[in-house]
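Below, each chain spelled out in residue letters.
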Amino acid sequence: MLNKTQIRYCLDTFWEMYPDAECELTHKNPFELLIAVVLSAQATDALVNKVTPGLFEKYKTPEDYMDVPLEELEQDIRRIGLYRSKAKNIQKLCRTMIDRFDGKVPETKEELESLAGVGRKTANVVASVAFNQPAIAVDTHVERVSKRLGLCRYKDSVKEVERTLMKKIPEDEWSDTHHRMIFFGRYHCKAKNPNCPDCPLLFLCREGQKRKRKEEKMA
DNA sequence: AACTCGGGGCA
DNA sequence: TGCCCAGAGTT
């Protein structure tokens, strides 16, 4: 695994590569953040960002989502993938918020995960960004990049990746790092054809070095 | 661990 | 066209 200096270099490089990394997390209040993150499952930010302004204009509280027929909510988020199950989840989640959490977004990871359509990743993002709780969200990009670079061990489970990153990255950088690693994973360190030749981190990347050696052998 | 859900993006 | 995808829930 990488040492402290190498990790620092990685974080700084992510920053240099993607200074303007922005995503759906620019939503202000916890409720909108929660809905946006739930919608973003298996969908791109761009798509979610197209829908949410109008959505948040119409639906401001959990009660608002409960007051319309399921079909109407489905229509309102129709452009996002999995919209049928997502619409159902949103109404279920609002029901739970009203019944068990006084109509508010719960603040702990455990309570968040108890909501319909909210898994570990969503719970972590909301807890961290909306409520400043110690959490780091590990999605497929973060996991892949972490393993390739050596920010964690290759055989780590998602939970272990999360724990390792929390240990190695300063808490006040969790959120930013998360975003930049996603950009890095999406556009550079791609699952299929990673752009190793143009990668500023190649010299310390375990996976990149391995690929390089393999190529040299072939040549 | 494998499977389902399902529209949009991209080659 | 056909493949992949910032996930969650069920079995």
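Being a predicted model, the structure only gives us computed values, none of them experimental.

What counts and how
- Position numbers for residues count from 1 along each chain, tracking the sequence in the order it is written.
- Written order determines the labels here, with chains lettered from A and ligands numbered from 1.
- Only residues with pLDDT of at least 70 are given local features in this predicted model, and only at 80 or more are side-chain atom pairs given and counted; all residues enter the totals for whole chains, interfaces and linings.
- For side-chain calculations, the full set of non-hydrogen atoms in the structure is used, while hydrogens and water are omitted.
- Each helix corresponds to a stretch of at least 4 residues labelled H or I by DSSP, and each strand to a stretch of at least 2 residues labelled E; elements are numbered beginning at the N terminus.
- Burial here depends on accessible area, computed with a 1.4 Å probe over protein chains only, as a share of the maximum for the residue type. Under 20% is buried, over 50% is exposed, and the range in between is partly exposed.
- Any two residues whose heavy atoms approach within 4.5 Å at even a single point are treated as in contact.
- The positive count covers Lys and Arg only, the negative count covers Asp and Glu only, and His and the chain ends enter neither.
- Here the site of a charge means atom NZ of a Lys, CZ of an Arg, CG of an Asp or CD of a Glu.
- What fixes the domain bounds is an automatic or database domain assignment.
- The buried area of a pairing is the accessible area, by a 1.4 Å probe, that goes missing from both parts when the two are put together, added over both.
- A pairing counts as a salt bridge when a side-chain nitrogen of Lys or Arg comes within 4 Å of a carboxyl oxygen of Asp or Glu.
- Polar contact is defined as a pair of N or O atoms within 3.5 Å, subject to the rule that within protein one atom must be able to donate a hydrogen and the other to accept it, and that residues adjacent in sequence are counted only when both atoms are side-chain atoms.
- Three classes are used: nonpolar for Ala, Val, Leu, Ile, Met, Phe, Trp, Tyr, Cys and Pro, charged for Asp, Glu, Lys and Arg, and polar for all others, with Gly counted as polar.
- Whether a residue is near a molecule or strand depends on its heavy atoms: if one lies within 4 Å, it is near.
- Note on aromatic contacts: the rings of Phe and Tyr and the six-membered ring of Trp form a pair at centre separations within 6.5 Å, being stacked when their planes are under 30 degrees apart, edge-to-face when over 60 apart, and tilted otherwise.

Chemist: For this particular structure, what's the right way to read the overall build of chain A?
Modeler: Each helix and strand in chain A was counted, giving 12 helices and zero strands. When the elements of chain A are put in sequence order from the N terminus, they spell out α-α-α-α-α-α-α-α-α-α-α-α. Expressed along its principal axes, the backbone C-alpha trace of chain A runs to roughly 65 × 30 × 30 Å. Within the span of chain A, comprising 219 residues, buried residues form 45% of the whole. Taking as baseline every contact in chain A between residues at least 6 positions apart, the subset at least 24 positions apart corresponds to 61%. In chain A, which carries 38 positive and 34 negative side-chain charges, the distance between the mean positions of the two groups comes to 9 Å.

Chemist: Got a minute to help me understand the domain arrangement of chain A in this structure?
Modeler: As a measure of interface size, the accessible area lost when the parts come together is often cited. Here the domain parsing of chain A yields domain 1 (4-19 + 138-218) and domain 2 (24-131). For domain 1 and domain 2, the distance between their C-alpha centroids amounts to 29 Å. Each side of the interface is counted separately: domain 1 has seven residues, and domain 2 has eight residues. When the two sides are added together, the surface that domain 1 and domain 2 hide from each other amounts to roughly 610 Å², 53% of it contributed by carbon and sulfur. Taken together, the links from domain 1 to domain 2 amount to one salt bridge. Glu162 is the partner of Arg120 in a salt bridge, and the nearest nitrogen-oxygen pair spans 2.8 Å. Where domain 1 touches domain 2, the interface holds two residue pairs in polar contact (both at pLDDT 80 or more). Contributions of two or more residues to the side of domain 1 that touches domain 2 are made by helix H10 (158-168) and helix H11 (174-187). The element contributing the most residues to the side of domain 1 that touches domain 2 is H11, with four residues. For the side of domain 1 that touches domain 2, a count of residues per class yields no nonpolar, three polar and four charged.

Chemist: Hey, could you run me through the protein's contact with DNA strand C in this one?
Modeler: What surrounds DNA strand C is a group of 19 residues, the closest being Asp45, Gly117, Thr122, His141 and Ile182. Near-protein atoms of DNA strand C (within 4 Å) split between backbone and bases, with sugar and phosphate holding 66%. In this structure, Gln42 approaches DNA strand C through a side-chain N or O atom, which is 2.8 Å from a phosphate oxygen. In this structure, Gly119 approaches DNA strand C through a main-chain N or O atom, which is 3.3 Å from a phosphate oxygen. Elements with a contribution of two residues or more to the surface near DNA strand C: helix H8 (120-131) and helix H9 (140-149).

Chemist: Can you walk me through the packing of aromatic side chains in this structure?
Modeler: Ring pairs (aromatic) are described by centroid distance and by the angle formed between their planes. All told, the structure shown has six aromatic pairs when counted by the stated rule. Taking 4.4 Å as the distance between ring centres and 10° as the angle between the ring planes, the aromatic pair formed by Tyr59 and Tyr65 counts as stacked. In this structure Tyr65 comes out as buried when scored by relative accessible area, which is 0%. An angle of 55° between the planes, with centres 5.9 Å apart, marks the rings of Phe183 and Tyr187 as tilted. Taken as a pair, Phe183 and Tyr187 lie in helix H11 at a separation of four residues, close to a single helical turn. Feature note: the residues Tyr18, Phe183 and Tyr187 constitute an aromatic cluster, connected by ring pairs.

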